[in-house]
Structures are given as C-alpha cells and as structure tokens.
Amino acid sequence: MTTRILVLGAGGFIGTHLCAALAAEGWDTIGFGRGERPAELAGLPGVSWIRGDLADRALLRRALEGCRVAVHLVGSTAPAGAGTDAVGELQADLAGGVGLLETVREAGVGRVVFASSGGTVYGLTGDGPVPETAPTEPLCSYGIVKLAFEKYLALHRHLHGLDYRVLRIANVFGERQRVRRQQGVIAAFMTAAVGGRPLEVWGDGSVVRDYVYIGDVVDALMRAARLPAVAHRVVNIGSGAGRSLTEVIDGIARLRRAHGARPPEVVHRPGRRVDVPRIVLDITRAREALGWEPATPWEEALARTHRWYAAQAAETPALAAAG
C-alpha cells in the first residue's frame, strides 16, 4: 500500500529535493507551501500540491487527511535576520507550528519529522563536535524558536503519544539553493563567484561551520520518516567535520580555476553578533538511530554544486551578473 506523506514548506530548497526523492521511492507525496507549485516539481508524478499557510487550520486539516507522516520544514526567517520582528516570528513559526501539532492530533497522523537547526540551538560550543546532550543556549531568536518547537513536540508525545523525530541539521548546501533571506553562505558565494562579483565575508573568515550536502540531508529525512522505530528522537545531521569560511572560499577558488575562470575577489565586512565562532556536530547518534552518515565527500559535493551554479550562469548571464 502506498504511504501518504505531507511535506510542509515543500517549495523551499530542502522541500523540493525531498518531495522529488519521496515520489521516486513511491510515496504518495503532498507538497504544502505558501506559493505556487515550484518549477522543480512541475509535472512530477507522485507529487500533488496544496497552496496554503500553517495558520489556515481547516486547509491544513484537509491536507493531512490520510497521511501517515508529516514533515515540517516551514520557516519564515533565517538566523541572521531573526529578531527584527520577534513577535511576528513567534506568530508565524512557533504559534503556527503548535497549531500544526493540534491539527496533526485531530487528523490522526502517525508521525511528525521536524527539521531543526543544528547550527543555532546549541549556541557557543567548544572545539570538539557537539553531541545532542550538550547544553542548548541559542544566541538568536531563530534558534530559540526551533528549540521551543522541539519542546512542544516532546510535550505532545507526553500528553498525546505523538511519534516524532527531530533532525538538528547543520549548514545545508547543494544544487538549486537560492540566495534568499541571508541564508546559505555557499549559495551566496557560488552565485557571486559565477557572476564575477566579490565574495562578502562577515568577519575575518575564521568562523567554522559544519556543511552537509543536500542529497545526504534528504536521505536522513527519508530515514526518519520511514524507519518504524528509532533509539533517539533528537538527532544531529551534519558532516561531523568543520570548515572555516576561508577554506570554503579556497575550495570555490580551485573550482573556478579548473573551470578556466579567475578566482573570486573577497571583501570582508564586520562580524555579526548572531554568528557563533564554531559549530561542528557529533553525528554518532545519527549512525546509531538512523543508520545514517553522509555519503557525499566534501570535494565532490562542492564540485556538483559549482557545476549547477555555473550552468545557471551560462544559461542566464544577465541574471547572474545582476545577482
């Protein structure tokens, strides 16, 4: 029997990749998003589309009808921009998410998979990889909202027996990531590089992040949706390795040279208070709970990503030049 699944936030970077992968595996996939059906999902068999908002509980209830799993990818802001409208963020993301949980319970959905933020919920960390048991002291409202929703998931399990999975995902990158809402540094760097513009770096380039390829993230989400039982409900999803912004830029410069182009110029801007100096995730639990680990080597993932951005720039040079 075909399993029905609802992907909320399906029009975004992760959402479009996930919907396509679910449909390819035979899931009856419903994409739910605020905009029109994205071009990446147009005409794709096995994927239907509902345009709506989390605040529309009646529409959400109809969308969840017959679903075994709901994947929550919705987010109205990004870490760097969070806090500018704290009340709006709470209403759109946290209140909307809690309303989703109530609707999930009414519809009898078996499981919720939530994409949390491995890069922001922990806050300041030491030099080593951060396990899920580490203190959570986010430095931005984005991380606070993500963490608060994790707590509401646990509350709904306690009160109503909700089966849920939280994936604390590191910095995702890959093909089709658009530069929007100050999110996705590799997407921003790639777009600028293929357009012949300088790369803007916040700070001196020493900030270290854990970058994980989109194909590997989709694999983790699908495992969380599919596996009947897991040892842990909160799981880090990352590469397990840290790379500085300078290392990322060096990797892009090598690809540009291999492509016969000049390496990009780098412009430094003042650092931002919301940026923790270092975050690398311990992914031991992901191996134990999901049987998952990243399968795409860093250099290969970066090269795939660069090929896509270079092809986009070649097809629409005026758009690439304009940014």
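Look up: the structure comes first, before these words.
**Section: helix α4 (residues 141-160)**
- For α4, which comprises 20 residues, the first-to-last C-alpha distance of 28 Å matches the rise-based estimate of 28 Å (1.5 Å per residue) to within 8%.
- Those residues of α4 not exposed but buried are S141, Y142, G143, V145, K146, L147, F149, E150, L153 and H156.
- Tucked inside the fold, the buried residues of α4 contact β4 (69-72), α3 (86-107), β5 (111-117), β6 (163-169) and β11 (234-237).

**Let's talk about the environment of P277**
- For P277, the location among the structural elements is in the loop between β13 (266-269) and α8 (284-290).
- Residue classification places P277 among the exposed residues on the basis of a relative accessible area of 52%.
- For the pair P277 and G126, spaced 151 residues apart in sequence, the C-alpha separation works out to 9.5 Å.
- Leaving out residues up to four positions away in the same chain, P277 has contacts with L124, S206, V207, V208 and R209.

**Brief notes about the packing of aromatic side chains**
- Counted under the stated rule, the structure contains five aromatic pairs.
- Considering the side-chain rings of Y211 and W298, the 6.0 Å spacing of their centres and the 40 degrees angle between planes classify their relative orientation as tilted. Remark: W298 occurs in helix α9 (residues 298-315) and Y211 occurs in strand β10 (residues 211-213); sequence separation between them is 87 residues. Each of the two residues, Y211 as well as W298, counts as buried.
- Site record: aromatic cluster; members linked through ring pairs are F173, Y211, Y213 and W298.
- Its guanidinium or amino end placed over the ring of Y164, R233 lies 5.6 Å from that ring's centre, counting from NZ or CZ.

**Thoughts on the side chain of T305**
- Within the element layout of this structure, T305 appears in helix α9.
- With a relative accessible area of 1%, T305 lands in the buried category.
- Only 2.7 Å separates the side chain of T305 from the backbone oxygen of A301, close enough to count as a polar contact.

Conventions adopted
- Residues numbered from 1 in each chain as written.
- Predicted model: local features only at pLDDT ≥ 70, side-chain atom pairs only at ≥ 80, totals over all residues.
- Heavy atoms only, no water.
- Helix = DSSP H or I, 4+ residues; strand = E, 2+ residues; numbered from the N terminus.
- Expected span 1.5 Å × (residues − 1).
- Buried < 20%, exposed > 50% of the residue type's maximum accessible area, 1.4 Å probe, protein only.
- Contact = heavy atoms within 4.5 Å.
- Phe/Tyr/Trp six-rings, centres within 6.5 Å; stacked < 30°, edge-to-face > 60°.
- Lys NZ or Arg CZ within 6 Å of the ring centre and 35° of its normal.
- Polar contact = N/O pair within 3.5 Å; in protein donor to acceptor, adjacent residues only side chain to side chain.

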